[in-house]
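Report on the structure
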Amino acid sequence: MRTITGIGQYVPVDSPVHRLDPAAKIGIVTAFTVALFLVDGFRGLATMAAVVVLAVAVSRVPPRAAMRGLAAVGFIVSFTLLANALRWNPATVALLRLGPLAVDAAGLRTGIFFTVRIMLLVTGTSLLTLTTSPVALTGGIERALAPLARVRVPVGELAMTLTIALRFIPTTVEEADRIVTAQVSRGVSFDRGGPLARARAYAPVLVPLFYQLFRRADALATAMEARCYHGTEGRTRLHEHRMGPSDWAVLLLVSTALLAAGWAL
Amino acid sequence: MASRALEGVSLALEPGELGVGLGPTGSGKTTLLRAAAGLLAPTSGTVTVDDRPAAGRGSPRGAVGLVFQRPEAQFFAPSVEEDCAFGPRNLGRSTEEARADVRAALRAVRLDPDEFGSREPWGLSGGEARRAALAGVLAMRPRYLLLDEPTAGLDAAGRAAVLAAVDVVRAGAGLLVVTHDSDLFLGRADTVLILRAGRVAFSGGVAALLEELPALAAAGAAEPPEVVRAQMLARERGAMLGGRLELDPDAAAAALARAAGGGAS
């Protein structure tokens, strides 16, 4: 199977963060996200940045892998910076002027603040998938959302859907690659012309790709039914996971510290 | 225009028996298996498993196992053990029971549970993956096992491994194998069913089939195994072969040698 080195892909190394229960990690990432949105100054952002750097170091995930997600949000980050920094005919003293558009100190400050917040959010949350295998993650999500099952949210089915979706990402890429190769061998060019022409060249790839995906989904559903899958009711587990005392301790301590820092800074 | 996928098909399979279904592509072999597994309801007639309906209320869950064509494409768990445990877990078996079933099933297909249980299923060779997929169905402990083209796409070693697994499974379950590989399976069959355009072209034992095979082959209803084809060709060219066609290569060679006047040992 083809290996995909994508955003947030699991990095299998041994570290305290990897060993932490996935449900605890989900709790901590949730607390981190809330704290990040609570901070309203650069002092708070600097604290959160220090938390992310410390977490990356403890997780032993290569910094380049941890920051890979930033490339994907490059457009959003740039747009956020420009949208906040640029003003139309500002009354204040402009640091830079481009016709009627100008950058002033307050706008630049706001732009940098939101940009750094997004970058920290992406890097911090991607640590969850970088340090947790897809199946452990879905198990963690299932346990973290377990209370919602009492109000009839199909938590088990959601977790199963997520597992299968994650499992078939490489297969889908492989399938697309095979179709592209077959079409290139029949003279299709994907690297000629402008952006519109290139996008149009991919249309004949999408039709067989979706056909194959639907066929595969149908075959998988039938095979699961043949193996007596009828939802999670009455279904047992092969590995019983429970959060240990140390997982609870880390979850409570780190989450409380993050939320307190977010509140205070 | 609507057409019937199967019509007038009747087949009984006892535990410990091996039935072999033959026929060209599109003759209804896979439909037959799906109906027998309770995944398709017949528009008329009945499918029963141990005197109970194969599908719907009152059907014996897990009594019929179905291994689809190229089942290894449907792996989705991160390890062979977890994938094999999918069926037992759906049947509500305890963790210990499910684990024991998985280990027994892996041993039945000659995969060492200690070596293969923790491996990623998509990292296995073709023959290993096919046997692991077979183990995933065997772990449900079905009383009847249906195999759809179990040797398709495998090399000689993979085919031999699957065949050895089938021989082991046969001791404890009734088997129905639909295949184009008549060379491999006919010699082991108790009953044979040949389908053509959804109708039965032949149904009976191997001895009766060998008698009718030349006529069935002449009518285009059956494709004889290579060893039988060689004897039929020899007959057409005047070889004085006895009245019975042989499936066993040694017996066929001896008969051909006798016909050639070279004697047999």
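Relevant structure appears above.
I will try to describe carefully the structure that is included in this document. In this text the structure is predicted, and so the values were computed from the model without any measurement.

This brings us to the packing of aromatic side chains. Residues and elements named next belong to chain A. Counting across every chain of the model gives 5 aromatic pairs over all chains. Ring geometry for F42 versus F113: centroids 5.7 Å apart, planes at 85°, classification edge-to-face. In this pair, F42 sits in helix 3 (residues 42-59) while F113 sits in helix 7 (residues 105-130), placing the two residues 71 residues apart along the sequence.

Grouped together as the largest cluster of nonpolar side chains are 57 residues, with contacts concentrated most on L145, L175 and V192 of chain B. If you tally residues by element for this core, the top one is helix 6 (residues 126-138) of chain B, at 7 residues. Structurally, this core is a two-domain feature, drawing no fewer than three residues from each of domain 1 (18-223) and domain 2 (225-265) of chain B. When near neighbours in sequence (up to four residues on either side) are disregarded, V192 of chain B contacts V20, L22, L186, F202, S203, G204, V206 and L209 of chain B. With 25 residues, the next largest nonpolar core counts A23, I28, L36 and F113 of chain A among its residues.

For the rest of this paragraph, the subject is unusual backbone geometry. With a phi close to 70°, C228 of chain A is a non-glycine residue in the positive phi region. Its location among the elements puts C228 of chain A in the loop between helix 11 (203-226) and helix 12 (245-264). The phi dihedral of E149 of chain B falls on the positive side, at around 50°, and the residue is not glycine. Topologically, E149 of chain B is positioned in the loop between strand 5 (144-148) and helix 7 (156-170). What makes E149 of chain B buried here is its relative accessible area of 9%.

Looking now at the interface of chain B and chain A. With 30 residues of chain B in contact, the opposing surface of chain A contributes 26 residues. Looking at the side of chain B facing chain A, the largest losses of area belong to F76, F86 and R89 of chain B, adding up to 26% of the total buried there. Here chain B and chain A share 1 salt bridge between them. Between D83 of chain B and R227 of chain A there is a salt bridge whose closest N-O contact spans 3.3 Å. Our enumeration of links across chain B and chain A arrives at 3 residue pairs in polar contact (both at pLDDT 80 or more). Only helix 2 (80-84), helix 3 (86-90) and helix 4 (95-108) of chain B provide two or more residues apiece to the side of chain B that touches chain A.

All names here are of chain A. Put simply, helix 2 (residues 22-38) and helix 12 touch, their axes get as near as 8 Å, and they point 5° apart. Between helix 2 and helix 12, the interaxial angle falls into the category roughly parallel. Seen from helix 2, the contacting residues are A24, G27, I28, A31, F32, V34, A35 and L38; seen from helix 12, they are D247, V250, L251, V254, S255, L258, L259, G262 and W263. Each residue belonging to the contact of helix 2 with helix 12 can be placed in one class, and the counts come to 13 nonpolar, 3 polar and 1 charged.

With that settled, the discussion passes to the pattern of salt bridges. Residues and elements named next belong to chain B. Applying the stated criterion across every chain yields a total of 19 salt bridges over all chains. A salt bridge links D50 to R143; its shortest N-O distance comes to 2.7 Å. Placement of the pair is D50 in the loop between strand 2 (48-49) and strand 3 (52-53) and R143 in the loop between helix 6 and strand 5, with a sequence separation of 93 residues. For R143, a relative accessible area of 40% gives the class partly exposed. The residue R244 makes a salt bridge to E246 at a minimum N-O spacing of 3.7 Å. A residue is classified by how much of its surface remains accessible, and R244, at 61% relative accessible area, is exposed.

Thresholds, definitions, all that
Position numbers for residues count from 1 along each chain, tracking the sequence in the order it is written. Chains carry letters and ligands carry numbers; both start at the beginning, A for chains and 1 for ligands, and go up in the order they are written. For this predicted model, a pLDDT threshold of at least 70 governs which residues receive local features, and a threshold of 80 or more governs which side-chain atom pairs are given and counted, while totals over whole chains, interfaces and linings are taken from all residues. Side-chain figures throughout are based on the complete set of non-hydrogen atoms in the structure, without hydrogens or water. The aromatic pairing rule takes the rings of Phe, Tyr and Trp, using the six-membered ring of Trp, and pairs them if the centres are within 6.5 Å, calling planes under 30 degrees apart stacked, those over 60 edge-to-face and the rest tilted. Numbering of helices and strands runs from the N terminus, with a helix taken as a DSSP run of H or I at least four residues long and a strand as a DSSP run of E at least two residues long. Only buried residues count toward a nonpolar core. Its members are Ala, Val, Leu, Ile, Met, Phe, Trp, Tyr and Cys residues joined through side-chain atoms within 4.5 Å. In this scheme, a residue with accessible area under 20% of its type's maximum is buried, one over 50% is exposed, and one in between is partly exposed, where area comes from a 1.4 Å probe on protein chains only. Throughout, the edges of the domains are those of an automatic or database domain assignment. In this description, contact between two residues means that some pair of their heavy atoms is separated by no more than 4.5 Å. Put simply, buried area is the surface a 1.4 Å probe can reach on two separate parts but cannot reach once they are joined, added for both. For this document, the term salt bridge refers to a Lys or Arg side-chain nitrogen within 4 Å of an Asp or Glu carboxyl oxygen. Contacts described as polar in this section are N or O atom pairs within 3.5 Å, which, within protein, must combine one atom able to donate a hydrogen with one able to accept it, while residues neighboring in sequence count only if both atoms come from side chains. What counts as an axis is a line fitted to C-alpha atoms, over the stretch in contact for a helix, and the angles between N-to-C directions run from 0 to 180 degrees. Orientation is classified from the angle alone, with under 35 degrees giving roughly parallel, over 145 giving roughly antiparallel, 65 to 115 giving roughly perpendicular, and any other angle giving oblique. Polarity classes work like this: nonpolar for Ala, Val, Leu, Ile, Met, Phe, Trp, Tyr, Cys and Pro, charged for Asp, Glu, Lys and Arg, and polar for all others, with Gly in that last group.

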